[in-house]
Amino acid sequence: MDKKDMQAWQQEKAKELFEYSHKLLDAAKELSAHHLEEMQWGMKNAMESAKSAAKNDLARLKELQESATKEAAKRATLYQKKVKSVLRDIGDDAADGTEKHLEKVRTSLVGWLEGVEDKLPGHADKLSKVVHDMSTAGQKMFKEGRKIVNQVADAAEKNIEDYRKTSDSKKKSK
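Attention in this report is confined to the structure presented alongside it.

Calculation criteria
Residues numbered from 1 in each chain as written. Predicted model: local features only at pLDDT ≥ 70, side-chain atom pairs only at ≥ 80, totals over all residues. Heavy atoms only, no water. Helix = DSSP H or I, 4+ residues; strand = E, 2+ residues; numbered from the N terminus. Rg over C-alpha atoms; globule rule 2.2 N^0.38 Å. Buried < 20%, exposed > 50% of the residue type's maximum accessible area, 1.4 Å probe, protein only. Contact = heavy atoms within 4.5 Å. Areas by Shrake-Rupley, 256 points an atom, 1.4 Å probe, with all protein chains shown as cover. Lys, Arg positive; Asp, Glu negative; His and termini not counted. Charge placed at Lys NZ, Arg CZ, Asp CG, Glu CD.

### Topic: the overall build of the protein
Secondary structure assignment for the protein yields three helices and zero strands. In sequence order, the secondary structure elements of the protein are arranged as α-α-α. What you see for the protein is a C-alpha radius of gyration of 27 Å, clearly larger than the 16 Å of a compact globule of 174 residues, by over 25%. Across the 174 residues in the protein, those meeting the buried criterion constitute 17%. Sequence separation of 24 or more characterises 76% of the internal contacts of the protein that already satisfy a separation of 6 or more. In the form shown here, the protein has an accessible surface area of approximately 13400 Å², with 62% of it arising from carbon and sulfur atoms. Averaging the locations of the 35 positively and 31 negatively charged side chains of the protein gives two centres separated by 6 Å.

Quick look at the structure:
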């Protein structure tokens, strides 16, 4: 890679890092907004409970606690989905960027090997083929690994949701 190509590559990297830092900042803002919403809801609940306790209205306090418990479970599920969505978007962006860079590295390596094949001693073509096959296999493994991670995350979320539903139904039947 000559000096001009290196500068262009460095500028491209700087631009990508700048864009990614903005994506992270936007994700942090979104997560903060979701968190703030939950904090405000919690504070509102605490105020209502405190007013009922101050008035010594225990029936109202018990009613508030029961409704808050039910609402908290619903809100926690919704909050989890919002956070997961933000994190998945960030993860997908990062994985896409990594995949793009792996492809560039693979292409560069294969191109270099093809360029030096004539200069290397015998069987250089076999070495080139091995490197090409290994880099292609690595790229496929990355894609498969990414798919497996997403499947495992989805399965875990489904299991948690199923468990929550069964525990809710057990509580209702009591």
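Resuming the write-up.
### Description of the side chain of H34
Following the sequence through the fold, H34 ends up in helix α1 (residues 3-54). Apart from residues no more than four positions distant in its own chain, H34 is found in contact with Y79 and K82.

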